[in-house]
Amino acid sequence: MKKRSFLQSAMLLAAASTFSLAQAQALTPLKFQLDWRFEGPAALFLQPVAKGTFKAAGLDVTVDAGNGSGGAVQRVASGTYDMGFADLAALMEFHANNPDAQNKPVAVMMVYNNTPASVMALKRSGIAKPADLAGKKLGAPVFDAGRRAFPIFAKANKVGSVQWTAMDPPLRETMLVRGDVDAITGFTFTSLLNLEARGAKAADVVVLPYADFGVKLYGNVIIASPKLIKENPAAIKAFLSAFTKGAKEVIANPAAAIEYVKARDGIVNVALETRRLQLAIDTVINSPDARAEGFGQAKPGRLSLMASQVSDAFNTKTRVNADEVWNAAFLPSTAELNILPRK
């Protein structure tokens with residue numbers, strides 16, 4: 001009996017191992033490129049990886065930190081990554097400046113319904129409204145999304161000419177606090193908290209969000225390579241479905257989600273990144289516009305307007321074709337996308 005029991009156990013163990021191996025082999029590998037470092041908002045992607053949500057959907061997803069939306073678009077275009085996370089304006093610019101490129105990534109899901117870009121200044125500068133920026137010295141990296149889109153903000157608010165100072169990203173908030181520049185552009189949930197980390201009090205920071213001042217640009221989207229769209233559209237659908245489930249969990253409990261960011265970068269400040277994630281949720285993910293349009297989705301009229309504005313502001317080689325940068329065919333059902341809590 002003991003011998004028989006041992007043999008049965010061995011056979012069951014071998015069968016289980018074979019099944020696990022087959023399961024692992026069946027997973028579709030996907031390389032995903034973030035737009036930025038492992039900060040609070042990265043939890044939207046890191047949590048479903050760590051909790052096995054992507055694996056349950058048949059995917060083996062690898063998420064890597066990035067150094068800007070432009071880089072994320074380029075890496076997906078080159079085929080180095082299958083999918084990525086990037087500012088829609090950067091994707092539009094790539095399309096319009098590379099009309100003959102064979103591999104132009106396509107946006108398949110809206111995540112930041114509003115651009116996170118804003119102008120930030122300290123109250124001591126006397127800047128309280130957009131018109132006050134005329135004649136001032138503004139600072140931002142040359143590739144900053146807010147700086148690139150500033151002509152749209154300036155036109156919408158009749159802002160006079162300004163002077164620009166370029167710097168590396170780590171110096172942007174430092175130069176504002178030191179008084180080297182009068183204002184900066186940047187993502188609100190990045191620069192506002194960075195200013196506090198450099199000694200500025202939140203009450204002393206003036207924030208002029210683009211979305212609150214007539215600039216209804218979309219923000220970050222999930223992008224996919226043409227190769228993946230052609231060869232494995234089911235993988236994109238599975239990714240977006242799993243991501244949506246994960247995003248719902250992150251939105252419901254941002255504090256818990258930050259632990260998965262810390263697991264990837266042990267030196268992150270948990271309290272700071274929790275605030276950053278919550279700020280991103282409140283301002284660009286669960287915004288009034290997002291609740292009106294629906295999570296993950298984009299409206300044709302707004303897309304067309306943004307395509308025209310980006311063409312003008314970025315002075316692209318060709319006009320942006322909104323129909324070529326957006327593909328909603330892989331989105332989960334409306335019921336699945338209904339994840340935003342009402343305020």
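- The protein is annotated in an unreviewed UniProt entry as Thiamine pyrimidine synthase of Acidovorax delafieldii 2AN.
- Here is the UniProt Subunit (unreviewed entry) comment for the protein, exactly as written: "Homodimer."
- Under the UniProt heading Sequence similarities (unreviewed entry), the note attached to the protein is "Belongs to the NMT1/THI5 family."

## Regarding unusual backbone geometry
Now for step 1: Residues other than glycine seldom take positive phi values, yet Lys 158 does so here, at roughly 55°.
Now for step 2: Along the chain, Lys 158 falls in the loop between helix 7 (150-157) and strand 7 (163-165).
Now for step 3: Classification of Lys 158 as exposed rests on a relative accessible area of 75%.
Now for step 4: Phi is positive for Asn 315, which is not a glycine, with a value near 50°.
Now for step 5: Note on placement: Asn 315 falls in the loop between helix 15 (300-313) and helix 16 (322-325).
Now for step 6: By relative accessible area, which is 65% here, Asn 315 ends up exposed.

## What to know about the domain arrangement of the protein
Now for step 1: Segmenting the protein into domains produces domain 1 (28-114 + 218-324) and domain 2 (117-212).
Now for step 2: Across the contact, 20 residues belong to domain 1 and 15 residues belong to domain 2.
Now for step 3: For the pairing of domain 1 and domain 2, the buried interface totals around 1,400 Å² over both sides, and the portion due to carbon and sulfur atoms is 67%.
Now for step 4: Area buried by domain 1 at its contact with domain 2 is led by Arg 276, Leu 279 and Phe 314, which between them contribute 31% of it.
Now for step 5: Remark: the boundary between domain 1 and domain 2 carries two salt bridges.
Now for step 6: The closest approach of N and O atoms between Glu 196 and Arg 275, which form a salt bridge, is 3.0 Å.
Now for step 7: At the junction of domain 1 and domain 2, the tally comes to four residue pairs in polar contact (both at pLDDT 80 or more).
Now for step 8: Sorting the residues of the side of domain 1 that touches domain 2 by element identifies helix 13 (270-285) and helix 15 as the ones contributing at least two each.
Now for step 9: Element by element, the count of residues in the side of domain 1 that touches domain 2 is highest for helix 13, at seven residues.

## What about the side chain of Ser 118?
Now for step 1: Tracing the chain through its elements places Ser 118 in strand 5 (residues 117-122).
Now for step 2: For Ser 118, a relative accessible area of 0% corresponds to the buried category.
Now for step 3: Side chain to side chain, Ser 118 and Thr 188 meet in a polar contact 2.9 Å long.
Now for step 4: Leaving out residues up to four positions away in the same chain, Ser 118 has contacts with Ile 184, Thr 185, Gly 186, Thr 188, Val 207, Leu 208, Pro 209 and Tyr 210.

## Regarding the environment of Gly 68
Now for step 1: Looking at the secondary structure, you find Gly 68 in the loop between strand 2 (59-64) and helix 4 (69-78).
Now for step 2: Overall, the relative accessible area of 10% leaves Gly 68 in the buried class.
Now for step 3: Taking the C-alpha atoms as reference, Gly 68 lies 17 Å from Arg 276; in sequence the two are 208 residues apart.

Reading guide: rules and limits
Residues numbered from 1 in each chain as written. Predicted model: local features only at pLDDT ≥ 70, side-chain atom pairs only at ≥ 80, totals over all residues. Heavy atoms only, no water. UniProt positions renumbered as here; feature names shortened; annotations may be inferred. Helix = DSSP H or I, 4+ residues; strand = E, 2+ residues; numbered from the N terminus. Buried < 20%, exposed > 50% of the residue type's maximum accessible area, 1.4 Å probe, protein only. Domains from an automatic or database assignment. Contact = heavy atoms within 4.5 Å. Buried area = accessible area lost by both parts, 1.4 Å probe. Salt bridge = Lys/Arg side-chain N within 4 Å of Asp/Glu carboxyl O. Polar contact = N/O pair within 3.5 Å; in protein donor to acceptor, adjacent residues only side chain to side chain.

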